[in-house]
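Chain and residue survey
Here's the letter readout for the chains.
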Amino acid sequence: MEEILRFEDLDYYYQDGNQQVEILKKTSQSFEAGKIYAIVGASGSGKTTSLVLAGGLDQPKAGKVYFKGKDIQEIGLTHYRQQDISIVFQSYNLIYYMNAYQNVLNALNISKVKMQNKRAYALQVLNSLGLDASLSTRDIRKLSGGQQQRVAIARAIARDVDLILADEPTGNLDSKTVKEIIRLFIDLAHERNKCIILVTHSQEIAKKCDVIIRIHEGKLIPVN
Amino acid sequence: MLWRAMLSLKKNKGKTALLFVIMLVVANLVISGLSIQSASEKSMKQIRESLGSDVTLSVNMMNIMQNRQKGEAMNQVMSPITEEMADQLKDLNYVASYNYSISGSVNSEGLTAIETQTNTQVPNGMKEEFKDGATQTTLGDFSVSGNTTMQNLESFVDGSYELTEGKLLSEADEGSSYVVMSKTLADENDLSIGSKITVSSVDGSTTTELEVVGIFTINSSNSMGNMMFNQQNPMNMLYVSLGTAKAITNSEHLTSAVYYLDDPEHKEAFKQEAEAKTTIDWETYSLDANDQMYERNISTLENMESFAMIFVVVVVIAGGSILCLILILTIKNRTYEIGVLVSLGETKLNIIIQQFIEIAVIGIVAFTLSLGSGKLIANVISGMLESGASNSNVTMQMPQMGMESQNGSSQMPNERGGQKGNAFENAFTAPQNSELDVSLTAPDVLKLAGLTTLICTAATLLPALYILRLSPREILVRKEG
């Protein structure tokens, strides 16, 4: 399996007054295409920090993050986020003055995807996630939580990137929708050969993933 | 970015409307200020041009009076203008043409003067005994004006006098014994083109025969009233060449030397060059460019121009500041949106450009609308400003400029390129300030476009700094603690 992402000796801490709070301590981990990973751990253990560093939203204090063997600092963090990864957040993080398909279209435009009919493609992606044309053109704020999360996932997968990061993507959803969303992620990993990294508190969701990684005392430790 | 900007404007109708109203008000006020400024500049230029491009070499009476010792008579301290002195200026830069003149009075045995109404009421003998204050000499019945050329004489240029037969004297007629007279005088004496008259100096020492080559009518004259003596009556004016005037007035000195410049704008430059390149004593003499008249007429316009300039600056600063504050307040509400865009890989620069586009689109619409409404406001404001401005004739007291000739005859200035009238109070019609023309000019439109762009840029600047400092992690992710 192709290695998509690698953490190498990552260190991360933040300053809390005079005290330095260590989050990650010289930890390394590799992530492969075609698999879905769950990062679990106690509250404050560094789960979200791992995702933030993987997404280039922040920089480690020491160590490097490699994407397909290349240091993401060398790729350029903006370019990396634009072309190589997609992030799905717990609170969906959609742009409120755009409707569903416009949110997807916006992501395609930012990625500078060259395509004949982007609008039709965006609607097709949304439709594949259960959002028909009438929902796709509706004001975002008038969609349910589950529908908004589907739009966020549609935005993530429309760009056809190899790495998708998801921070508690089912945190605000009902159990039925949770199952549907997780099924979507698993299908993306297994059928489309994406590398999916989920941060989750839920043991149930973690068990459905291919690899469970626990963060303990600043280290990423694969459990299975 | 443009697409996102338009979506944002469309969705946030309230904010868009607020920004639009502010921009519209700012644009209207700015264009009003610019229009008034342009109109004031244009009017000042028109006044300058209407006052003419002529500069007169004359005696600096103020300095002479100040320097005169107690008991000294005027004729002891007055300094004449010589042709040699005047020639130093005629070849300087900016001089398009010039005219020297000698004024005086003459008598004529065969010529009957046109009597003034008041003149007939002067007691017998008083006319003969009248002595002007400066020269203590008698006056003749006719005034004579000798000129290098009559082409630029103000009375003929402004249409007060109109040549009806023959020609005006020019440089080619120098040394000739030609005369140009009024039609009334010609008719009174049955004279026509080719007729000959004989004139003599007031002391009778010199007699000259002159041939009539031109006849003019007087359409209007400022000196028709207040005439005590015949020679003050413009109908009794005889125009001759400079050399002839010298001979019959027995004077080698000029009454005035007037220089006509190529452009009214060059008056100051000409004066400076004159001071630098000639040996003329500028304490005793001066170059008069109608500055007093100009300053008096343009003071209101200058005030308006300054007011308009300050007005524009204040409006731009105030308007830009208000817009900036509104954008800073609204940008805080868009922090989340910025974080999302950054997480999608959008650059912060593009996000700032989007902010600029949003305000610029509003600015363009406001700018376009203000091109129509701005003129209306400009007219209202300029009307309010002009309500105290002078719009009437300006009355000036002309100082007595009598110059003593060698035989003591008085030479009264009557036809200048600039100074009019006699030694007494004279009404001088200044160019009237007509209503300001606050039409929109192309430079005003360009200035408004530039200022609109400046306001939009300045209003985006502070919010831009805020955007640059944002950390996407802090926006989007729960803090680990």
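You'll find the structure just up there.
First things first, this report covers the structure right here in the doc. Computed from a predicted model, the values in this text were never measured in an experiment. (Residues numbered from 1 in each chain as written. Chains lettered and ligands numbered in written order. Predicted model: local features only at pLDDT ≥ 70, side-chain atom pairs only at ≥ 80, totals over all residues. Heavy atoms only, no water.)

1. A short note on helix α14 (residues 442-469) of chain B
All names here are of chain B. Between its first and last C-alpha atoms α14 spans 41 Å; for 28 residues at 1.5 Å apiece the expected length is 40 Å, and the two agree. Along α14, the helix axis deviates most sharply at L461, where the bend reaches about 30°; the proline P463 sits within four residues downstream. Taken together, the buried positions of α14 are D444, L448, L451, T452, I455, C456, A459, T460, P463, A464 and I467. (Helix = DSSP H or I, 4+ residues; strand = E, 2+ residues; numbered from the N terminus. Expected span 1.5 Å × (residues − 1). Bend = angle between axes of the 7 residues up to and from the residue. Buried < 20%, exposed > 50% of the residue type's maximum accessible area, 1.4 Å probe, protein only.)

2. Focus on the pattern of salt bridges
Enumeration according to the criterion identifies 21 salt bridges over all chains in this entry. Among the ionic pairs, D160(A) bridges to K194(A), the shortest N-O distance being 2.7 Å. With D160(A) in the loop between α7 (145-158) and β7 (163-167) and K194(A) in the loop between α8 (175-192) and β8 (195-199), this residue pair connects regions lying 34 residues apart in the sequence. Assessed through its relative accessible area of 52%, D160(A) is described here as exposed. Between D173(B) and K167(B) there is a salt bridge; the shortest N-O distance is 2.8 Å. Exposure remark for K167(B): the relative accessible area of 33% places this residue in the partly exposed category. (Salt bridge = Lys/Arg side-chain N within 4 Å of Asp/Glu carboxyl O.)

3. Quick notes on the packing of α7(A) against α8(A)
Residues and elements named next belong to chain A. In the contact formed by α7 and α8, the axes pass within 10 Å of each other and the chain directions differ by 10°. Comparing their axes, α8 and α7 come out roughly parallel. Pair α7 / α8 crosses with right-handed handedness. From α7, G146, Q149, R150, I153 and I157 reach across to α8, where they touch T177, E180, I181, L184, F185, L188 and R192. Grouping the amino acids of the contact of α7 with α8 by side-chain chemistry returns six nonpolar, three polar and three charged. (Axes fitted to C-alpha atoms, helices over the stretch in contact; angles between N-to-C directions. Parallel < 35°, antiparallel > 145°, perpendicular 65-115°, else oblique. Left-handed = near helix turned anticlockwise from the far one by under 90°. Contact = heavy atoms within 4.5 Å. Nonpolar A, V, L, I, M, F, W, Y, C, P; charged D, E, K, R; others polar.)

4. What about the packing of aromatic side chains?
With the rule as written, the count across this model stands at 12 aromatic pairs over all chains. Judged by centre distance (5.7 Å) and plane angle (70°), the ring pair of F156(B) and Y239(B) falls under edge-to-face. Pair noted here: F156(B) is in helix α7 (residues 154-157) and Y239(B) is in strand β8 (residues 237-241), with a separation of 83 residues, a long-range link. You'll find F156(B) and Y239(B) in the same group, each marked buried. Summarising the aromatic geometry, the rings of F216(B) and Y239(B) are spaced 5.7 Å apart at their centres and angled 65° between planes, so their arrangement reads as edge-to-face. Of the two residues, F216(B) is situated in strand β7 (residues 207-218) and Y239(B) in strand β8; the sequence distance between them amounts to 23 residues. Both residues of the pair, F216(B) and Y239(B), count as buried. Among the aromatic side chains, those forming a connected cluster through ring pairs are F156(B), Y161(B), F216(B) and Y239(B). K61(A) extends its terminal NZ or CZ atom over the ring of Y13(A), reaching a point 5.6 Å from the ring centre. A cation over a ring is seen here: R119(A) above Y101(A), with NZ or CZ 4.7 Å from the ring centre. (Phe/Tyr/Trp six-rings, centres within 6.5 Å; stacked < 30°, edge-to-face > 60°. Lys NZ or Arg CZ within 6 Å of the ring centre and 35° of its normal.)

5. Quick word on the sheet that holds strand β1 (residues 3-16) of chain A
As a general point, the strands of a sheet are linked pairwise by backbone hydrogen bonds and lie either parallel or antiparallel. Residue and element names in this part refer to chain A. As summarised here, the arrangement of the four strands in space is β2-β1-β4-β5, forming an open sheet in which the pairing is antiparallel. Strands at the two margins of the open sheet, each flanked by one partner only, are β2 (19-32) and β5 (70-71). Relative to β2, β1 is paired through 10 bridges, and the arrangement is antiparallel. When the sheet's bridge partners are listed, R6 is paired in β2 with S30. Running over the sheet, helix α1 (residues 47-54) touches β1, β2 and β4 (62-67) and is turned about 120° from β1. (Pairing = 2+ DSSP bridges.)

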